[in-house]
Amino acid sequence: MSLNLETLAQQLGAVLGERVAKLDNALGELTLTVRAADYAEVARTLRDHAELKFEQLQDLCGVDYSTYREGAYEGPRFAVVSHLLSVSKNWRLRLVVFCADDDYPCVASITEVWNSANWFEREAFDLYGIIFEGHNDLRRILTDYGFIGHPMRKDFPVSGHVEMRYDAEQKRVVYQPVTIEPREITPRIIREDKYGGL
C-alpha cells in the first residue's frame, strides 16, 4: 500500500471508528463500506473533518448485485457507490453503502452534503429504483415519465415491455407493446486457416 493510502486508511479508522463497516485496498484504491444508518453522517464527516477534507463528489451510481459471482453472492442486492476526491489532501476514496431492504431499496440522500449528488441520485432512482430519503426532487431523469420499471436492474427484460413511436395520423407519440421478436444471435467464427480465402 502506498504511503498516501496508508495515511488515508489510518485517518479513516481514527476519525470514523466503529462507523467503518469495511475498508478494502484493491488495485491501489481504498473502498470504505458503511452501514445505511451511518451513511449521511459519514458523508458529512468525510467532507468536513480537517484530516479528511473530501470536498468533491465525483460520481455516484447504483449497483445491482443480484447476479454477482454468477448468483453465488449472498448479501444485500442494491448498493450505492460514490467516488470522492480531496483536492487539498490529494487522495481519492470509494464510498459504498448497501440498501437494507431488497424490496424497497432506500438510503439517505447526500445532496445536502454535496450538491453534485442531485442528478446522480435521480439517475440511480430512475435506473435502479433506489429511493434517496430527503432528496427534494426525486423523479426520473433519463427515461420517460410514463416508463414502467427500472431498466438497469438485472431482472428487467432486455427488450423492455413497450416501445414508443410517432404516429403521423394521430400526430402524437404513442406507446405499443414491443414488436421485436426474441432471437438468438450466434456470431460467425473466423478461422485463421481460412481467413481471406487463402
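Residues numbered from 1 in each chain as written. Predicted model: local features only at pLDDT ≥ 70, side-chain atom pairs only at ≥ 80, totals over all residues. Heavy atoms only, no water.

Novice: Help me understand the overall build of the protein chain in this model?
Specialist: Scanning the protein chain from terminus to terminus reveals 3 helices and 9 strands. Mapped in sequence order, the helices and strands of the protein chain form the string α-β-β-α-β-β-β-β-α-β-β-β. Within the protein chain, buried positions represent 35% of all 198 residues. Sequence separation of at least 24 residues holds for 50% of the intrachain contacts in the protein chain that already meet a minimum separation of 6. If you sum the accessible surface of the protein chain, you get close to 12900 Å²; carbon and sulfur atoms cover 51% of it. (Helix = DSSP H or I, 4+ residues; strand = E, 2+ residues; numbered from the N terminus. Buried < 20%, exposed > 50% of the residue type's maximum accessible area, 1.4 Å probe, protein only. Contact = heavy atoms within 4.5 Å. Areas by Shrake-Rupley, 256 points an atom, 1.4 Å probe, with all protein chains shown as cover.)

Novice: Could you clarify how one ought to interpret the pattern of salt bridges in this entry?
Specialist: Where charged atoms from two side chains of opposite charge approach closely, those side chains can pair. The full count for this structure, using the stated rule, is 10 salt bridges. With a closest N to O distance of 2.8 Å, Arg19 and Glu41 form a salt bridge. Remark: Glu41 occurs in helix 2 (residues 39-48) and Arg19 occurs in the loop between helix 1 (3-16) and strand 1 (22-26); sequence separation between them is 22 residues. Arg19 gets classed as buried once you look at its relative accessible area, which sits at 16%. With a closest N to O distance of 3.3 Å, Asp155 and Arg77 form a salt bridge. Placement of Asp155 in the loop between strand 7 (131-133) and strand 8 (162-167) and of Arg77 in the loop between strand 3 (56-64) and strand 4 (78-86) is noted, with a sequence separation of 78 residues between them. A residue is classified by how much of its surface remains accessible, and Arg77, at 16% relative accessible area, is buried. (Salt bridge = Lys/Arg side-chain N within 4 Å of Asp/Glu carboxyl O.)

Novice: Would you mind showing me how to read the packing of helix 1 against helix 2 here?
Specialist: Contact geometry of helix 1 with helix 2 gives a least axis separation of 11 Å together with a crossing angle of 125°. In this view, helix 1 runs oblique relative to helix 2, as classed from their interaxial angle. Pair helix 1 / helix 2 crosses with right-handed handedness. Contact with helix 1, carried on its side by Leu12, Val15 and Leu16, involves Val42, Thr45 and Leu46 of helix 2 and no other residues of that element. (Axes fitted to C-alpha atoms, helices over the stretch in contact; angles between N-to-C directions. Parallel < 35°, antiparallel > 145°, perpendicular 65-115°, else oblique. Left-handed = near helix turned anticlockwise from the far one by under 90°.)

Novice: Even after reading the chapter, I still don't get the sheet that holds strand 4, so can you show me in this structure?
Specialist: Think of a sheet as strands paired side by side through backbone hydrogen bonds, with each pair either parallel or antiparallel. Across the sheet, which stays open at both edges, the 5 strands sit in the order 1-2-5-4-3 with mixed pairing between neighbours. The open sheet has two edge strands, strand 1 and strand 3, and neither has a second partner. Strand-to-strand twist of the sheet, defined as the mean angle between neighbouring strand axes without regard to direction, takes the value 20°. Here 8 bridges tie strand 4 to strand 5 (residues 91-98), and the two strands are oriented antiparallel to one another. Pairing of Ser82 across the sheet is with Leu95, part of strand 5. Docked against the sheet, helix 3 (residues 117-128) engages strand 3 and strand 4, running at close to 5° with respect to strand 3. (Pairing = 2+ DSSP bridges.)

Geometric descriptors of this kind do not, in isolation, establish any biological role.
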